[in-house]
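Given next are the chains, with one letter for each unit.
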Amino acid sequence: MTELLLIRHGLPQAGVYDPGLSPEGTAQAERLAAWLVHEDIDALYTSPFQRARETAAPLQRLTGLTATVLDDLREWDTDVSHPYTPPEQINTDDPRSVALAEGRYEDFVPDLDWDTFRDRAVRAMDTMLDAHPGERVAAVCHGGITNTYLATVLGLPTMFWFHPGYTSVSRVRRMPGGRIVPHSVNEMAHMIAERAVDAVV
């Protein structure tokens, strides 16, 4: 069995191009790393976007792993002609904000080429799963690509169907026969609890 952890980046800065993490996002990334360091992760990947790379940095430091940048893990927002604003901080009268508030997640990006985006999401995950059979792989990426991949695995008609929390973890497993099965969605325990480490007997 191969396990893949899909991790959304921490809260980014607003109003800048290709933003890094905000102070809150940095704290989220540190809590995530302290939680996951006990999971014997074999490989670490990250989107090329700065907010993802900075989220992976504490995990790299604690595990000694070197994060591989995988371009296919990038988010749908490849247009850098405007400064990035986290979806939660978009003005409440913006149609995109209304779409999020009403759970119409796909309406947030109505012009997205869904088939191309889905194909890229599946290709990214297959790349990592194929490279690490029988291992546990962590991939720091984005809410949209996580949505799209899980929707594909689950056979859902819509590609955006839930709102991942910052530094949330969603897991899939490739079973020995090749089938991909979801294991968890939107884990956030690391933000509210300290991990109990198994005692050595």
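As named in an unreviewed UniProt entry, the protein chain is Histidine phosphatase family protein, taken from Streptomyces tuirus.

K.L.:
I would appreciate a short explanation of the overall build of the protein chain in the present structure.
P.N.:
Looking only at helices and strands, the protein chain features five helices and six strands. Going from the N terminus to the C terminus, the protein chain shows its helices and strands as β-α-β-α-β-α-α-β-α-β-β. Projected onto the principal axes, the alpha-carbon positions of the protein chain cover approximately 55 × 40 × 25 Å. When the 201 residues of the protein chain are sorted by exposure, 46% land in the buried category. For the protein chain, contacts bridging at least 24 residues in sequence account for 69% of all contacts bridging at least 6. Just so you have it, the protein chain exposes about 9800 Å², and 52% of that area is on carbon and sulfur atoms. Here the protein chain contributes 17 positive and 29 negative side-chain charges, whose respective centroids are spaced 3 Å apart.

K.L.:
I tried to follow the pairing of strand β2 (residues 43–46) on my own but got confused; where do I start?
P.N.:
On a regular strand, one side chain projects to one face of the sheet and the next to the other, so that they alternate. Along β2, one buried face is formed by A43 and Y45 and the opposite face, lined by L44 and T46, is buried too. Strand direction decides the pairing type here: β2 and strand β4 (residues 136–141), joined by four bridges, are parallel. From the neighbouring strand, Y45 faces β4, where its bridge partner is A139. In the sheet, β2 pairs with strand β3 (residues 68–69) via two bridges, with the strands oriented parallel. Each bridged residue has a counterpart across the sheet, and for Y45 the counterpart in β3 is T68. Note on the crossover from β2 through helix α2 (residues 50–63) to β3: the handedness is right-handed.

K.L.:
Would you take a moment to explain the environment of T148 for this structure?
P.N.:
Within the secondary structure, T148 is located in helix α5 (residues 143–154). The residues touching T148, leaving out its near neighbours within four places in the chain, are F117, R118, A121, M159 and F160.

K.L.:
I tried to follow helix α4 (residues 114–131) on my own but got confused; where do I start?
P.N.:
One turn of the α-helix equals 3.6 residues, which is why residues spaced by three or four share an orientation. When the terminal C-alpha atoms of α4 are compared, their 26 Å separation across 18 residues agrees well with the 26 Å that a helix rising 1.5 Å per residue should span. Those residues of α4 that fall on the buried side of the exposure criterion are W114, F117, R120, A121, A124, M125, M128 and L129. The arc that holds the buried residues of α4, viewed along the axis, is 165°, so those residues lie on one side. If you follow the buried residues of α4, they end up packed against β1 (2–8), β2, β4, α5, β5 (169–174) and β6 (180–187).

K.L.:
Looking at this structure, how should I read the pairing of β5?
P.N.:
For β5, a buried count of five out of six residues is recorded, marking the element as mostly surrounded by other parts of the structure. Bridge count between β1 and β5: six bridges; the pairing is antiparallel. Residue pairing for β5: E3 is matched across the bridge by R173. Bridge count for β5 against β6 is five bridges, and the pairing is antiparallel. Looking at the pairing, R174 lines up with I180 of β6.

K.L.:
Got a minute to help me understand unusual backbone geometry in this structure?
P.N.:
Most of the time, phi is negative for any residue but glycine, and the peptide bond is trans. Even without being a glycine, D18 presents a positive backbone phi close to 40°. Note that D18 resides in the loop between β1 and α1 (23–36). A residue is classified by how much of its surface remains accessible, and D18, at 30% relative accessible area, is partly exposed. The phi dihedral of D40 falls on the positive side, at around 55°, and the residue is not glycine. Note that D40 resides in the loop between α1 and β2.

Here is what the cut-offs are and how they apply
Residues numbered from 1 in each chain as written. Predicted model: local features only at pLDDT ≥ 70, side-chain atom pairs only at ≥ 80, totals over all residues. Heavy atoms only, no water. Helix = DSSP H or I, 4+ residues; strand = E, 2+ residues; numbered from the N terminus. Buried < 20%, exposed > 50% of the residue type's maximum accessible area, 1.4 Å probe, protein only. Contact = heavy atoms within 4.5 Å. Areas by Shrake-Rupley, 256 points an atom, 1.4 Å probe, with all protein chains shown as cover. Lys, Arg positive; Asp, Glu negative; His and termini not counted. Charge placed at Lys NZ, Arg CZ, Asp CG, Glu CD. Pairing = 2+ DSSP bridges. Right-handed = clockwise from strand over helix to strand, strands pointing away. Expected span 1.5 Å × (residues − 1). Arc of directions from axis to C-beta.

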